[in-house]
Amino acid sequence: MILSALSSKIEFKILDDSAKNLRGTLYPIYSHKSDRRYGRNGNTMKIINGFDNVSEEFKGAVATIGNFDGVHLGHQQIFRKIVQEARQYQSKAVVITFDPHPKSILHPEKRPFYLLTTVEEKLKLIESLEIDAVMLIPFSLEFSKTTAKDFVCGILWEQLRIRKIFIGHDYTFGRGKEGSEEFLARFGKKLGFQVDVTNAVKVGEIIISSTRIRNSICEGDVKTAGALLGRPYNVKGRVTGGYQRGTELGFPTANLDPEKELLPPEGVYAVLAERMGSRYQGVLNIGRNPTFDNEKQTVELHILDFSEDLYGEELEIFFVDRIREEIRFDSPESLANQIRQDVAQARALLNPLFP
Ligand SMILES: Cc1cc2nc3c(=O)[nH]c(=O)nc-3n(C[C@H](O)[C@H](O)[C@H](O)COP(=O)(O)O)c2cc1C
Ligand SMILES: Nc1ncnc2c1ncn2[C@@H]1O[C@H](COP(=O)(O)OP(=O)(O)O)[C@@H](O)[C@H]1O
């Protein structure tokens, strides 16, 4: 199964099968024109900032708790479960999550720790999965001292009066990570809520996790990252000026200033670019242009079959596959020849997936 699952065609079929009704809304890329109206029937997801004074409408919630960086296929499965369960009992599906990411507060020495999704992206993705509310808890050193018991009694029970909580197979919470499946089950029995643990979701033989996806991206394996995320890894960036050589080469490039720090390693990639609601195929180079001895690393996008001015615009890049390493060429002509081949390869990779 693994090879077929990771082959590019089937990889997106996985998304089709597991998230049929999400096409077009899971992420803008799946509709040609992006549809940024999220939520059901015009109802938008509510953000509960902090954990005090939760309004009556969310009492009796079916909830889940986690960091959910990336909102990958494993997270999506938990979200689908809570939505299904909440609809069945006419209660609300609530996701409890933290900002900033606890690791960045608890282990700042382990920097660089780069996230797959910004908090805005995370909220948008969660909303597209029809969740009713996100409780966004500001994570601080002080909050990290909350005991698992206080968390369960004060937030899950007093504030949300949960009907049921779903957690992932390896989730722990509260001071010293004492909050576990057993811990929740014990309190659930006492207080009157149920606990459900979702087994590890796999793609082929790979157990999906945010760490695994981050590692794939760092290795340049954006294809596996996409298979585990359920969509290609994305980065937004504003177009800045370069050295004005691209047009001369026959391949003008939009130099991007990426919003996120997590980028694949230097090299050439087949990408999609979204600009003002429309999607384009492209080739993207991350590197130092050794042919021209640049010092600074640049991220440059050449959009196929396109010739408008992009300066100052914001583009969103979706990394679909890696093509090759960046290399030094003897002349601009040989570089241009290679880029021509890169473009052909990108078309062959992208056409079947995103015609
Ligand atoms: C698809 C693609 C592949 C590239 N590959 C290389 C490469 O292997 N080696 C290199 O020196 N530059 C490479 N470049 C970068 C070009 O040198 C660069 O686009 C050109 O110098 C224009 O730079 P400018 O936009 O700053 O003017 C590549 C660019 C693109 C779009
Ligand atoms: N197909 C295209 N892909 C990317 N940028 C393009 C394309 N066509 C035109 N452009 C425009 O050309 C500019 C890049 O030209 P280029 O000669 O490479 O100069 P720069 O050094 O500023 O990147 C881009 O910023 C964009 O405004």
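Quick caveat, the model's predicted, so the values are computed rather than measured.

Scoring rules and cut-offs
Residues numbered from 1 in each chain as written. Chains lettered and ligands numbered in written order. Predicted model: local features only at pLDDT ≥ 70, side-chain atom pairs only at ≥ 80, totals over all residues. Heavy atoms only, no water. Helix = DSSP H or I, 4+ residues; strand = E, 2+ residues; numbered from the N terminus. Buried < 20%, exposed > 50% of the residue type's maximum accessible area, 1.4 Å probe, protein only. Polar contact = N/O pair within 3.5 Å; in protein donor to acceptor, adjacent residues only side chain to side chain. Contact = heavy atoms within 4.5 Å. Salt bridge = Lys/Arg side-chain N within 4 Å of Asp/Glu carboxyl O. Core = buried A, V, L, I, M, F, W, Y, C linked by side-chain atoms within 4.5 Å. Pairing = 2+ DSSP bridges. Axes fitted to C-alpha atoms, helices over the stretch in contact; angles between N-to-C directions.

I tried to follow the environment of Gly230 on my own but got confused; where do I start?
Note that Gly230 resides in the loop between α9 (222-229) and β9 (233-240). When its relative accessible area of 4% is taken as the criterion, Gly230 is described as buried. With 154 residues separating them in the primary sequence, Gly230 and Gln76 have C-alpha atoms 9.0 Å apart.

Quick question: what am I supposed to make of the side chain of His75 here?
In this fold, His75 is placed in helix α3 (residues 73-88). Here His75 falls in the buried class, since its relative accessible area comes to 11%. Looking at His75, its side chain comes within polar contact range of the main-chain nitrogen of Val71, at 3.4 Å. In contact with His75, not counting residues within four places along its chain, are Phe68, Asp69, Gly70 and Ser210.

When you look at the pattern of salt bridges in this model, what are you seeing that I'm missing?
Evaluation of the coordinates by the stated rule reveals 13 salt bridges. Between Glu314 and Arg238 there is a salt bridge whose closest N-O contact spans 4.0 Å. Of this pair, Glu314 sits in strand β14 (residues 314-324) while Arg238 sits in strand β9, placing them 76 residues apart in sequence. Take Arg238: its relative accessible area is 43%, and that puts it in the partly exposed class.

Is there a simple way to explain the nonpolar core in this structure?
One recurring pattern in soluble globular proteins: nonpolar side chains tend to sit buried together. One finds Ile213, Tyr233, Leu256, Leu284, Leu301, Ile317 and Phe319 to be the most contacted residues of the largest nonpolar core, which totals 32 residues. Those elements that provide at least two residues to this core are α8 (210-218), α9, β9, β10 (254-258), β11 (267-275), β12 (278-287), β13 (298-303) and β14. Ranked by the residues each element gives to this core, the list is headed by α9, at five residues. Not counting chain neighbours up to four residues away, the residues in contact with Ile213 comprise His72, Leu116, Ile208, Ala225, Leu228 and Leu229. Counting residues in each nonpolar core, the second largest holds 30 residues, with Ile48, Phe58, Ala63 and Ala148 among its members.

I'm lost on the environment of Phe113 in this one. Help?
Within the element layout of this structure, Phe113 appears in the loop between α4 (102-106) and α5 (119-128). Exposure remark for Phe113: the relative accessible area of 14% places this residue in the buried category. C-alpha separation for the pair Phe113 and Leu262, spaced 149 residues apart in sequence, amounts to 8.7 Å. When residues no more than four places from it in sequence are discounted, the contact partners of Phe113 are His101, Lys103, Ser104 and Arg214.

In this structure, what is going on with the sheet that holds β13? I would like to understand it.
Across a sheet, strands are paired by hydrogen bonds formed along the backbone, either parallel or antiparallel in direction. Strand order around the closed barrel formed by six strands is β9-β10-β13-β12-β11-β14, with antiparallel pairing between neighbours. Within the sheet, the average angular offset between the axes of one strand and its neighbour, ignoring direction, is 45°. Examined bridge by bridge, β9 and β14 share six bridges and lie antiparallel to one another. Opposite Tyr233, over in β14, you have Phe319 as the bridge partner.

Just to check I follow, could you spell out the sheet that holds strand β3 (residues 93-99) for this structure?
The strand order β1-β4-β3-β2-β5-β6 describes an open sheet built from six strands, whose pairing is parallel. Edge positions in the sheet fall to β1 (46-49) and β6 (194-198), since each of these pairs with one other strand and no more. On average, adjacent strands in this sheet sit at an angle of 25° to one another, irrespective of strand direction. Across four bridges, strand β2 (residues 62-65) lies against β3 in parallel orientation.

Mind showing me how you'd approach α5 here?
One turn of an α-helix holds 3.6 residues; hence residues three or four places apart share an orientation. Summarising burial for α5: seven of the ten residues are buried, a large majority. Taken as a whole, α5 has its buried residues at Glu121, Lys122, Leu123, Leu125, Ile126, Glu127 and Ser128. Looking at the buried residues of α5, the elements they touch are β1, α3, β3, β4 (133-138), β9 and β14. Count one or two residues on from α5 and you reach Glu130, which has phi positive near 70°.

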